[in-house]
Amino acid sequence: VFESPTSNYLTVEPFPLQAGHKGVFSLVGGLPNETSWLLYSVDGLGKSIIPHLNIIIDISNPKVAIGTGLTDENGNRQIIRQIPTVTEPTDVWFQAVQQNNMTNFFQTTIVQ
């Protein structure tokens, strides 16, 4: 299983995320013209193996936040999504992944 060096990265805006508003998730410098996914966890950090992508990521019990989509010719992908409502501030960790490739993790909080 492959652990990628993080030459690519993930950004999340705004910081913190605002429940009920739009969030912008940007994968920068990934593999060009390749499928990518945005994963999230509310369980924090912990090594998780994703065998079909041949990677070990940094977030525990990952779930798919945003499904498959292609990066552009520069390896970038930007996604704008509505942030779900929460009843109290909720810490969340994000990480973008591709086959044999992943970004840094990004930790933020969803606030009301």
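Residues numbered from 1 in each chain as written. Predicted model: local features only at pLDDT ≥ 70, side-chain atom pairs only at ≥ 80, totals over all residues. Heavy atoms only, no water.

(A) The arrangement of the nonpolar core in detail. Residues Leu-10, Val-12, Leu-17, Phe-25, Leu-38, Phe-94 and Ile-110 are the most contacted members of the largest nonpolar core, which totals 16 residues. The leading source of residues in this core is strand β9 (residues 90–98), at 3 residues. Beyond its immediate stretch of four places on either side in the chain, Phe-94 contacts Leu-10, Val-12, Leu-17, Phe-25, Leu-38, Leu-39, Tyr-40, Ala-65, Asn-104, Phe-105, Phe-106 and Thr-108. (Core = buried A, V, L, I, M, F, W, Y, C linked by side-chain atoms within 4.5 Å. Buried < 20%, exposed > 50% of the residue type's maximum accessible area, 1.4 Å probe, protein only. Helix = DSSP H or I, 4+ residues; strand = E, 2+ residues; numbered from the N terminus. Contact = heavy atoms within 4.5 Å.)

(B) Structural detail: the sheet that holds strand β2 (residues 17–18). Strand order in this open sheet of 5 strands is β2-β10-β9-β4-β7, and the pairing throughout is mixed. At either end of the open sheet lies a strand with only one pairing partner, and these are β2 and β7 (63–70). Examined bridge by bridge, β2 and strand β10 (residues 101–111) share 2 bridges and lie parallel to one another. What sits directly across from Gln-18, in β10, is Val-111. (Pairing = 2+ DSSP bridges.)

(C) Quick look at empty space enclosed by the protein. Enumeration over the complete set of coordinates arrives at 1 cavity of 30 Å³ or more. Taken as a whole, the largest cavity spans an internal volume of roughly 60 Å³. What lines the largest cavity is simply Leu-10, Phe-25, Ser-26, Leu-27, Ser-36, Trp-37, Leu-38, Arg-77, Ile-79 and Ala-96. Elements supplying a minimum of two residues to the lining of the largest cavity: β3 (22–28), β4 (35–41) and β8 (77–82). Class assignment of the residues belonging to the lining of the largest cavity gives a composition of 7 nonpolar, 2 polar and 1 charged. (1 Å grid on protein atoms, 1.4 Å probe; cavity = no way out; pocket = protein on both sides within 12 Å on 5 of 7 lines; lining within 4 Å. Points joined across faces, edges and corners; volume = space filled by probe spheres on them. Nonpolar A, V, L, I, M, F, W, Y, C, P; charged D, E, K, R; others polar.)

By themselves these figures say nothing about function.
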